[in-house]
Amino acid sequence: MQLRPSTEWYDKWIGKMDTKLMCLQNCRNEFLIDKVDERLFIYLNRNCLNFDWKNHLLLIILIETTQKKDVGTTQRIIGTLNTRFKDIFTNFNITRLLDFDVNVHLYSYLKSEIFPNDSNNKRFDLWRCYSVAEYHTKKWVYNNLSFEEQEYYKKFLLQPTTFDSRDFSFRKLALEHAQVIRKDETDAIVPMLPTIRAEANLRWNQMKRLREAFHQQIQEVETKSLSLPIEFFYDEPERIGERFHFRLWDKPSFVLHHQTHFSKSVIKQATQRKLTYSNKNNAYFLEFIRAESLEGESEGEGLWFNELIEFNVLGYWFKNRPIEEHERILKVLSLWGYENEHGQNPTSFSSSHKGILTPSLFIALNKYKAQGLLIDVEPFYAACTFGLLATDILTTTGARINELLQISNTKECILIKKVKEKLHFSFKVIPKGRDSIEEFYISKQTMEHIQTVARLLKEHYATEKIPSNLYRGVRRHLFPKPMPYYFQYEGKVMKKETIYSCIKFLLHGLVFETQSGKPVTIKTHLLRHAFATEAVQRQNVNIDIVAKMLHQKDLNVTSYYSEPTPSQISESVSELHDVISSYVDIDDAYLRSPKELQQQFDEHAEKVGVYNKVLGGTCVTDFVCPIKMQCLGCKAKVPEPDQEDELLEVIQLSKDMEKRFKSIGLEVEVRKAKEMAKQAKIELKEIDLIKQYRKERHYETATKLNPFR
């Protein structure tokens with residue numbers, strides 16, 4: 001039997017932390033401290049050892065780890081408690097927890113009697129973290145330890161409170177503030193959903209061209225035994241109209257051409273191709289030199305992610321980064337709208353997953369030695385591929401990110417059915433708050449993206465089948481067996497943070513602003529809100545139907561998700577004024593009986609079915625028709641380029657209708673005809689985008705060599 005913890009932190013903290021607490025074990029006689037993520041210990045060691053609550057925080061970490069809580073969540077809890085405790089203790093001039101009375105000192109802070117300038121969100125966050133930590137640690141101690149052990153460890157429990165959040169206004173105000181911010185951000189995203197999907201596809205195409213050019217040059221070098229580095233270029237499609245210039249390096253060639261920046265021992269290893277520079281450990285990478293416009297002598301814009309490399313925000317946050325650079329990066333991220341997401345150390349573009357987005361250590365350490373921008377191609381391509389699939393599913397189904405992570409290459413998950421000589425697709429996963437699988441309908445394009453991810457995984461693992469790995473998202477107890485999940489890489493299933501970073505990388509630089517001009521960044525849950533808002537407010541989909549689309553039980557939650565945005569309210573008021581001024585037959589509406597209204601409802605309550613071909617595309621809902629069979633503009637329909645002619649006919653028909661109704665004075669019908677044309681034109685624009693990125697997907701990259709200068 002193991003006599004002491006194996007972690008090095010045990011030795012480091014002897015005499016600093018309670019020894020018996022560090023030796024706390026579970027029912028299997030395993031030391032809890034050996035199971036903790038090192039990031040939590042690093043925070044504790046750096047920030048908490050001089051304070052009297054250090055053992056309390058360690059107990060929280062141990063208990064949260066036994067319950068398999070997310071590391072980021074646990075770090076937020078202990079970070080919030082540590083920071084607020086320091087403020088409160090300083091204000092009341094106390095240093096020991098024995099002198100701390102939660103019902104006096106904490107109550108005073110939550111009541112805004114001290115630190116009046118702190119936000120309601122900050123107070124609410126402290127209350128939430130304190131309540132969660134106090135409840136979980138107490139419950140674990142009293143459920144898992146003997147009476148004698150309880151007597152010892154209860155001194156490390158947080159004090160219980162005699163009040164709850166209803167005693168304060170901050171909870172309601174904080175929630176209302178958060179809802180206002182979410183709706184303002186949704187307002188900026190809703191009209192851009194087609195653009196977001198299109199831009200994601202176009203950028204993936206661009207990354208695919210870059211990767212193809214990269215591998216073409218590697219093959220040239222290895223086939224012809226060329227010396228590195230070599231320079232080459234290729235032309236982007238007409239839409240971009242630029243020529244990209246690159247250098248191809250490997251690790252030894254980079255060292256030998258930048259010898260003034262390396263030690264003699266490193267140069268010797270590179271020359272002899274030993275250790276890090278051996279053939280086994282070698283790796284190719286690119287240096288982006290410049291972009292030039294094909295229409296003149298002007299400089300081109302280059303790749304959309306160039307500035308992320310230039311400002312050094314990709315990957316991990318190095319401990320030895322100078323404070324000046326730290327502050328500069330925080331300022332840059334703030335300009336892009338990421339200021340509320342990174343906290344002390346920016347994480348917006350750190351995937352926390354090996355092989356995805358984060359460049360190799362060699363590139364991270366040596367990027368400043370190059371004249372251009374060093375690009376680690378494979379991690380970028382992987383990030384774009386996973387980001388494209390995630391963006392497509394989130395914007396067309398409104399799925400949650402943890403539903404996304406469940407999608408696997410199994411016949412129980414992926415369904416392909418043939419109806420009326422046409423294939424239709426869906427996936428089955430367990431939604432939040434449920435214990436059984438439910439079906440999500442997807443388009444042919446989404447299925448193509450899934451197949452692209454499958455090809456990437458098979459190539460990455462060099463296997464014919466996608467390997468099975470353990471699920472790592474929330475509610476993992478529902479998924480105890482390894483499965484061939486699509487969102488996996490380097491032998492591990494992804495967590496939600498990895499998906500966040502992939503999407504942000506793929507869509508970086510797209511401009512979204514609230515009405516007040518505040519920048520908005522894409523978040524996965526924000527896309528879900530946008531999907532719901534678009535369906536209810538713009539497409540008049542019944543809220544019950546949207547709840548089913550989103551797989552939500554509580555209609556109140558769906559109602560919040562789909563509340564009108566400020567722009568939609570303004571637009572609706574303007575339209576309402578126009579309708580009121582045109583409406584002529586109010587008596588008819590007033591005199592309609594409940595029986596007539598019921599009959600009208602029954603006529604509309606028809607099943608559409610996911611396998612029906614509809615005007616301009618394919619229906620992807622099996623619920624009651626969301627918008628009473630008026631398929632133009634419906635979010636339950638996927639536009640299809642091969643049905644473009646149908647929409648063109650609608651536009652011509654609407655012109656004829658508009659002319660006819662105007663001649664006989666039916667202004668309301670005139671407006672309906674105009675709206676019909678408007679929706680058809682919107683769908684045609686989306687079809688144009690689809691045709692554009694499908695065309696570019698088949699664009700062949702022709703690389704040409706330049707002599708190295």
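Residues numbered from 1 in each chain as written. Predicted model: local features only at pLDDT ≥ 70, side-chain atom pairs only at ≥ 80, totals over all residues. Heavy atoms only, no water.

## A few points about the overall build of the chain
Argument step 1. When its secondary structure is counted, the chain shows 27 helices and 13 strands.
Argument step 2. Going through the 709 residues of the chain one by one, you find that 49% of them count as buried.
Argument step 3. Counting contacts in the chain only where the partners sit at least 6 residues apart, residues at least 24 apart contribute 67% of the total.
Argument step 4. If you sum the accessible surface of the chain, you get close to 36,300 Å²; carbon and sulfur atoms cover 51% of it. (Helix = DSSP H or I, 4+ residues; strand = E, 2+ residues; numbered from the N terminus. Buried < 20%, exposed > 50% of the residue type's maximum accessible area, 1.4 Å probe, protein only. Contact = heavy atoms within 4.5 Å. Areas by Shrake-Rupley, 256 points an atom, 1.4 Å probe, with all protein chains shown as cover.)

## Describing the pairing of strand 6 (residues 422–429)
Argument step 1. Across six bridges, the pairing between strand 5 (residues 414–419) and strand 6 is antiparallel. Residue pairing across strands places K418 opposite L423, the latter belonging to strand 6.
Argument step 2. If you look at the hairpin formed by strand 5 and strand 6, you'll find two residues sitting between the two strands, and K420 has a positive phi there, around 55°.
Argument step 3. Sheet analysis places strand 6 next to strand 7 (residues 438–442), joined by five bridges and oriented antiparallel. Pairing of K428 across the sheet is with E439, part of strand 7. (Pairing = 2+ DSSP bridges.)

## Comments concerning the nonpolar core
Argument step 1. With 92 residues, the main nonpolar core has I189, F246, F305, I375, F386 and F505 as its most contacted residues.
Argument step 2. For this core, the element with the most residues is helix 16 (residues 377–397), which contributes twelve residues.
Argument step 3. Apart from the residues lying within four places of it in its own chain, the contact partners of F305 are M207, L210, I375, F380 and F505.
Argument step 4. Core analysis: the second largest hydrophobic core is formed by 54 residues, M22, F100, L106 and V141 among them. (Core = buried A, V, L, I, M, F, W, Y, C linked by side-chain atoms within 4.5 Å.)

## Details of the packing of helix 4 (residues 54–66) against helix 7 (residues 120–144)
Argument step 1. In contact at an axis separation of 10 Å, helix 4 and helix 7 are set at 75° when each is read in the N-to-C sense. On the basis of their axis angle, the class for helix 4 and helix 7 is roughly perpendicular. Contact with helix 4, carried on its side by L59, I60, I63, E64 and T66, involves A133, H136, T137, W140 and V141 of helix 7 and no other residues of that element. (Axes fitted to C-alpha atoms, helices over the stretch in contact; angles between N-to-C directions. Parallel < 35°, antiparallel > 145°, perpendicular 65-115°, else oblique.)

## As for the sheet that holds strand 3 (residues 284–293)
Argument step 1. Strand order in the open sheet formed by five strands is 4-3-2-1-13, and the pairing between neighbours is antiparallel. The sheet terminates laterally at strand 4 (373–375) and strand 13 (704–706), the two strands that pair on one side only. In this sheet, neighbouring strand axes are inclined to one another by 35° on average, regardless of whether the strands run parallel or antiparallel.
Argument step 2. Pairing of strand 3 with strand 4, which is carried by three bridges, proceeds in the antiparallel orientation. Directly across from E287, in strand 4, lies its bridge partner L374.

## Considerations on the sheet that holds strand 6
Argument step 1. One open sheet holds the three strands; their spatial order is 5-6-7, and the pairing between them is antiparallel. The outermost strands of the open sheet, each flanked by one partner alone, are strand 5 and strand 7. Adjacent strand axes in the sheet meet at a mean angle of 35°, parallel and antiparallel pairs treated alike.

## Examining helix 4
Every α-helical turn comprises 3.6 residues, leaving residues that sit three or four positions apart pointing alike.
Argument step 1. The first and last C-alpha atoms of helix 4 sit 19 Å apart over 13 residues, in line with the 18 Å expected at 1.5 Å per residue.
Argument step 2. Along helix 4, twelve of the 13 residues are buried, which leaves the element largely enclosed by surrounding structure.
Argument step 3. Within helix 4, the full set of buried residues consists of K54, N55, H56, L57, L58, L59, I60, I61, L62, I63, E64 and T65.
Argument step 4. Tucked into the core, helix 4 has its buried residues touching helix 2 (19–22), helix 3 (38–47), helix 5 (71–92), helix 7 and helix 8 (147–153). (Expected span 1.5 Å × (residues − 1).)

## Brief notes about the environment of F512
Argument step 1. Along the chain, F512 turns up in the loop between helix 19 (496–507) and helix 20 (524–538).
Argument step 2. Taking relative accessible area as the criterion, F512 reaches 4% and is therefore assigned buried.
Argument step 3. Spatially, the C-alpha atoms of F512 and I522 are 8.6 Å apart, while their sequence positions differ by ten residues.

## Topic: the confidence of the model for the chain
Argument step 1. Residues at a pLDDT of 70 or more form 78% of the chain, whose mean pLDDT is 80.
Argument step 2. The secondary structure element of the chain with the lowest average pLDDT is helix 24 (residues 586–591), at 32, and the one with the highest is strand 8 (residues 488–489), at 97.
Argument step 3. For the stretch residues 560–611, pLDDT sits under 50, and the model shows 75 contacts to residues farther than four places along the chain or on other chains.
Argument step 4. Taken as a whole, residues 622–629 scores under 50 in pLDDT and shows 31 contacts with residues more than four places along the chain or in a different chain. (pLDDT = per-residue confidence, 0-100.)

## Focus: the pattern of salt bridges
Argument step 1. The tally for this structure, following the rule as stated, stands at 25 salt bridges.
Argument step 2. Residue E459 is joined to R211 by a salt bridge in which the shortest nitrogen-to-oxygen separation is 2.7 Å. Here the residue E459 occupies a position in helix 18 (residues 444–461), and R211 occupies one in helix 10 (residues 193–224), the gap between them amounting to 248 residues.
Argument step 3. Given the relative accessible area of 48%, E459 is considered partly exposed.
Argument step 4. When the shortest N-O distance is used, the salt bridge between E220 and K224 registers 2.9 Å. Of this pair, E220 and K224 both sit in helix 10, four residues apart, which is roughly one turn of the helix.
Argument step 5. Looking at E220, the relative accessible area reads 29%, which means it is partly exposed.
Argument step 6. For K224, a relative accessible area of 51% puts it in the exposed group.
Argument step 7. Among the ionic contacts, a cluster of salt bridges with common partners joins R28, E30 and K35. (Salt bridge = Lys/Arg side-chain N within 4 Å of Asp/Glu carboxyl O.)

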